[in-house]
Amino acid sequence: MGNVAERPAAQRTGERDIAWDAVWIGFAIALAGTLAAGTWAFAFAGKGTWWAANLGALSLFCGALFTGYRARTAEPLNGAFIAVFYFSTATLVIFSGEFLGVLPDPLPGLPRGDSTFFFVWPLAQLAAGTLGAMAGGWLQARRTGRRRDENLS
């Protein structure tokens, strides 16, 4: 039976709470998926903003799932960081587009004066990020469950 000093992988994850490398990769997956889904929703399918937002939340879930799996822990904070970075990036794009006057008013699929989207959308992102990271960590634990139990005793 080996201790932590003999297992460098366990030592690396034990030194920090947030798996930053996995968080950044998950963030990149979420952005790439959202870009592809948003392009499809607006350019090819003629769908509205809700379609792009929901497909973006699905991409965020997939990125967070990868993060939890790669981090080997069901830590929801990893997913929360992805959600915060994702929301900040999306908000920056929306505000920049509005400031430059390139976005239509109102956004496609949203009625004028409807603020429901801007209240529900961040909550969906936070839920997708945290649940995805927890699910990824849980999948990794199930996959390596026997080997982990042997090292605990």
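This is a predicted model, so every value here is computed, not measured.

## Some remarks on the overall build of the protein
Then, number 1: From N to C terminus, the protein includes six helices and zero strands.
Then, number 2: Starting at the N terminus, the α and β elements of the protein follow one another as α-α-α-α-α-α.
Then, number 3: A total of 153 residues make up the protein; the buried ones form 31% of that total.
Then, number 4: Sequence separation of at least 24 residues holds for 79% of the intrachain contacts in the protein that already meet a minimum separation of 6.
Then, number 5: Working note: accessible area of the protein is about 9500 Å², and carbon and sulfur atoms make up 66% of it.

## Comments concerning the nonpolar core
For soluble globular proteins, nonpolar side chains are generally found buried alongside one another.
Then, number 1: Core analysis: the largest hydrophobic core is formed by twelve residues, namely I18, V23, F27, A30, A57, L60, A64, I82, A83, Y86, A128 and A133.
Then, number 2: Beyond its immediate chain neighbours, meaning those up to four positions away, I18 contacts V23, L77, N78 and F81.

## Side note on the pattern of salt bridges
Then, number 1: Using the criterion set out here, one finds one salt bridge in the structure.
Then, number 2: The salt bridge involving D21 is made with R70; its shortest N-O contact spans 4.0 Å. On the criterion of sequence distance, the pair formed by D21 in helix α2 (residues 20-44) and R70 in helix α3 (residues 49-71) is long-range, its members being 49 residues apart.
Then, number 3: Taking the relative accessible area as the measure of exposure, R70 reaches 42% and is therefore partly exposed.

## Concerning the environment of Q125
Then, number 1: For Q125, the location among the structural elements is in helix α5 (residues 116-143).
Then, number 2: Among the residues examined, Q125 registers a relative accessible area of 2% and is labelled buried.
Then, number 3: Separated by 68 residues in the primary sequence, Q125 and A57 place their C-alpha atoms 5.6 Å from one another.
Then, number 4: Residue contacts for Q125: discarding those within four places in its chain leaves L60, A83, Y86 and F87.

## Structural notes on α3
Then, number 1: When the terminal C-alpha atoms of α3 are compared, their 32 Å separation across 23 residues agrees well with the 33 Å that a helix rising 1.5 Å per residue should span.
Then, number 2: Positioned one or two residues after α3, R72 has a phi angle of 60°, which is positive.

## Digging into unusual backbone geometry
Then, number 1: Positive phi is not limited to glycine here, since R72 has a value of about 60°.
Then, number 2: Mapped onto the elements of the fold, R72 is located in the loop between α3 and α4 (76-100).
Then, number 3: By relative accessible area, which is 52% here, R72 ends up exposed.

## Topic: the confidence of the model for the protein
Then, number 1: Across the protein, the average pLDDT comes to 79, with 79% of residues at or above 70.
Then, number 2: Overall, residues 149-153 carries pLDDT values under 50, and its contacts beyond four positions in sequence, including any with other chains, amount to three contacts.

## Remarks on the packing of α3 against α5
Then, number 1: Look at α3 against α5: their axes get within 6 Å of each other, and the N-to-C directions meet at 30°. Classified by the angle their axes make, α3 and α5 are roughly parallel. For the pair α3 and α5, the crossing hand works out as right-handed.
Then, number 2: Considered class by class, the residues forming the contact of α3 with α5 number 16 nonpolar, eight polar and one charged.

Quick notes on the rules
Residues numbered from 1 in each chain as written. Predicted model: local features only at pLDDT ≥ 70, side-chain atom pairs only at ≥ 80, totals over all residues. Heavy atoms only, no water. Helix = DSSP H or I, 4+ residues; strand = E, 2+ residues; numbered from the N terminus. Buried < 20%, exposed > 50% of the residue type's maximum accessible area, 1.4 Å probe, protein only. Contact = heavy atoms within 4.5 Å. Areas by Shrake-Rupley, 256 points an atom, 1.4 Å probe, with all protein chains shown as cover. Core = buried A, V, L, I, M, F, W, Y, C linked by side-chain atoms within 4.5 Å. Salt bridge = Lys/Arg side-chain N within 4 Å of Asp/Glu carboxyl O. Expected span 1.5 Å × (residues − 1). pLDDT = per-residue confidence, 0-100. Axes fitted to C-alpha atoms, helices over the stretch in contact; angles between N-to-C directions. Parallel < 35°, antiparallel > 145°, perpendicular 65-115°, else oblique. Left-handed = near helix turned anticlockwise from the far one by under 90°. Nonpolar A, V, L, I, M, F, W, Y, C, P; charged D, E, K, R; others polar.

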